Amino acid sequence: MKKLSTLTIPLFLACFTLAGCSGEPSKKAADAEKSVARQAPGIKAAPVEGRAVDRSVEAVGSLLPWDESMVGSEVSGTVEKVFADLGDRLKKGDALAMLDQREFKLSLDDAAAAHRTNLKALDRENARLEDAGATLKRYEELFKQGMVSTSQYDDARTRRDVAQAQFDEARSRLEQSASRVEAAKKRLADTYIRSPISGEVKKRFISVGEAVNPQTRLFTVISAGTLKFRGTVSEAASPRIKTGQGMEIRVDAYKGQSFTGTLKRISPAIDAETRTLEIEAEVPNRHGVLKPGFFAKGVVVTMRESGVPFVPEAAVYSFAGVTKVFVIADDAAHERQVRTGVRDGDMIEVAGDVKPGDTVAASGLSVLYDGAKVSVVK
């Protein structure tokens, strides 16, 4: 037992000595780490700028012609001539095509001849009526003087009444024949297919020699001097828009360019399936560079806000769904959670507890924390 105790003591002392030697470097390392932690890191800083921002609502849609007319024929016939084709510019009333007019001219001639006959018949009946009227007037005087009997006077009055009825009938026939003449003239005029609007031919569907009827589509004519932008905005944006507001229109065919328009119509109801609101804007197209059918994006400027805080993009730090900046004050970094907005060059809008005139960290964000001591370097 004494031998064991004697051996144990030196071993214990050796272990204690070794432990003391190995623990001293660890303590120095920990002190060094604390010293580094206490040292303020050097960071770059930038001021928070106040800028003016146009608040807007975006819409997505298409450009449509202001007017689009499907032109057909009001009469049946055979196409004799075609005057217009794809892309031709037209004024309202210009002829697009003409049907064979021979049958229509014959119908007009027949109607005109019948009208002339009825006119002569009316003249004859008018003469008879005047004669019967004069006879009745003479008999009235003789009847008052007792020189003619009652039956003679009644006969004269009956002849006048019959003449009046025949005159009225002849006048009705004349009016009917006059209507037939006008109808025949209209049918003849309808052999010319005319444009109902000023614009351009979008499509032509007929050729010479083709038989057409009133249900046949012959041309499509569009008016593109002014276009419609028809699109939709989100349900959340609906309270901020109203008719009369200006709109900027952009199309992929002209990148970098924008075209002006005016909001003219707003749907009274939200689409229950898409949760969007349909709008329509008027877009001048004087030079014809915009084409109906273009996919377009519209921006409605709803208000102009000044003093909006902007920071460099390098000053915004995002991690695990949290976006923040570090405001520098009293040589320390103070964390501020923010929401980002519009971009302006290399600057970005931030909303939160940040205001123009503040200074924010613009480097070393990953090592900063709320209350960290910092040293601003240039």
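Residues numbered from 1 in each chain as written. Predicted model: local features only at pLDDT ≥ 70, side-chain atom pairs only at ≥ 80, totals over all residues. Heavy atoms only, no water.

Undergrad: Could you give me a rundown of the overall build of the chain, with the residues and numbers involved?
TA: When its secondary structure is counted, the chain shows three helices and 20 strands. Counting the 378 residues in the chain, one finds 31% classified as buried. If you take every contact in the chain between residues at least 6 apart in sequence, the share linking residues at least 24 apart comes to 75%. Accessible surface computed for the chain: about 23,700 Å², of which carbon and sulfur atoms make up 52%. (Helix = DSSP H or I, 4+ residues; strand = E, 2+ residues; numbered from the N terminus. Buried < 20%, exposed > 50% of the residue type's maximum accessible area, 1.4 Å probe, protein only. Contact = heavy atoms within 4.5 Å. Areas by Shrake-Rupley, 256 points an atom, 1.4 Å probe, with all protein chains shown as cover.)

Undergrad: So what about helix H2 (residues 102-144)? Which residues, and what values?
TA: Over its 43 residues, H2 extends 63 Å from the first C-alpha to the last, a length consistent with the 63 Å expected when each residue adds 1.5 Å. All of the buried residues in H2 are Phe104, Leu108, Ala111, Asn118, Ala121, Leu122, Glu125, Leu129, Ala132, Thr135 and Leu136. Elements in contact with the buried residues of H2: helix H3 (150-189). Taken from the residues just after H2, Gly146 is the one with a positive phi, measuring 75°. (Expected span 1.5 Å × (residues − 1).)

Undergrad: Lay out the sheet that holds strand E7 (residues 192-194) in plain terms, naming residues and giving numbers.
TA: Adjacent strands of a sheet pair through backbone hydrogen bonds, lying either parallel or antiparallel. The strand order across the open sheet formed by four strands is E7-E6-E4-E9, and the pairing between neighbours is antiparallel. This sheet does not close on itself; its edge strands, each paired only once, are E7 and strand E9 (211-212). Here strand E4 (residues 77-82) runs beside E9; their pairing, made up of two bridges, is antiparallel. Residue pairing for E9: Gly77 is matched across the bridge by Val212. (Pairing = 2+ DSSP bridges.)

Undergrad: Tell me about the layout of surface pockets, residues and numbers included.
TA: As a volume, the largest pocket reaches approximately 360 Å³. Glu200, Ile222, Ala224, Lys291 and Pro292 are, among the 22 residues lining the largest pocket, the residues nearest its centre. Within the residue set of the lining of the largest pocket, elements represented by two or more residues are strand E3 (49-72), strand E5 (89-90), strand E8 (199-204) and strand E10 (217-234). Roughly 310 Å³ of volume is contained in the second largest pocket. The wall of the second largest pocket is formed by 14 residues, among which Val53, Asp54, Arg55, Ser56 and Val342 lie closest to the centre. Counting residues per element, the ones that place at least two in the lining of the second largest pocket are E3, strand E11 (246-251), strand E14 (295-312) and strand E17 (332-344). At six residues, E3 tops the list of elements feeding residues into the lining of the second largest pocket. Of the residues that constitute the lining of the second largest pocket, the class distribution is six nonpolar, one polar and seven charged. (1 Å grid on protein atoms, 1.4 Å probe; cavity = no way out; pocket = protein on both sides within 12 Å on 5 of 7 lines; lining within 4 Å. Points joined across faces, edges and corners; volume = space filled by probe spheres on them. Nonpolar A, V, L, I, M, F, W, Y, C, P; charged D, E, K, R; others polar.)

Undergrad: Can you tell me about the packing of aromatic side chains, naming the residues and giving the values?
TA: Scanning the model with the defined rule gives two aromatic pairs in all. With centroids separated by 5.0 Å and ring planes inclined at 15°, the aromatic side chains of Phe143 and Tyr153 adopt a geometry described as stacked. In this pair, Phe143 is assigned in helix H2 and Tyr153 in helix H3, connecting sequence segments ten residues apart. For Tyr153, a relative accessible area of 14% gives the class buried. The interplanar angle of 75° and the centroid separation of 6.0 Å between the aromatic rings of Tyr254 and Phe259 together place this pair among those described as edge-to-face. The ring of Phe310 carries Arg51 above its face, with NZ or CZ at 5.7 Å from the centroid. Seen from the ring of Trp66, Lys228 lies directly overhead, with NZ or CZ sitting 5.7 Å from the centre. (Phe/Tyr/Trp six-rings, centres within 6.5 Å; stacked < 30°, edge-to-face > 60°. Lys NZ or Arg CZ within 6 Å of the ring centre and 35° of its normal.)

Undergrad: Summarise unusual backbone geometry; cite the residues concerned and give the values.
TA: Phi is positive for Ala320, which is not a glycine, with a value near 55°. Relative to the helices and strands, Ala320 resides in the loop between strand E15 (317-319) and strand E16 (322-329). Phi angles above zero are rare outside glycine, and Asp330 is one such case at about 55°.

Undergrad: Give a description of the pattern of salt bridges that names residues and reports values.
TA: Opposite charge on two side chains permits pairing when their charged atoms draw close. On inspection of all chains with the given rule, the structure shows 27 salt bridges. Glu49 is the partner of Arg51 in a salt bridge, and the nearest nitrogen-oxygen pair spans 2.9 Å. For Glu49, a relative accessible area of 32% translates into the label partly exposed. Where Arg230 meets Glu280, a salt bridge forms, and the shortest distance between an N and an O atom there is 2.7 Å. (Salt bridge = Lys/Arg side-chain N within 4 Å of Asp/Glu carboxyl O.)

Undergrad: Pulling in residues and values, what's your account of the side chain of Thr191?
TA: Mapped onto the fold, Thr191 is located in the loop between H3 and E7. We classify Thr191 as buried; its relative accessible area is 0%. A distance of 2.9 Å separates polar atoms of two side chains, one belonging to Thr191 and the other to Gln101. Not counting chain neighbours up to four residues away, the residues in contact with Thr191 comprise Val75, Ala97, Met98, Leu99, Asp100, Gln101 and Phe104. (Polar contact = N/O pair within 3.5 Å; in protein donor to acceptor, adjacent residues only side chain to side chain.)

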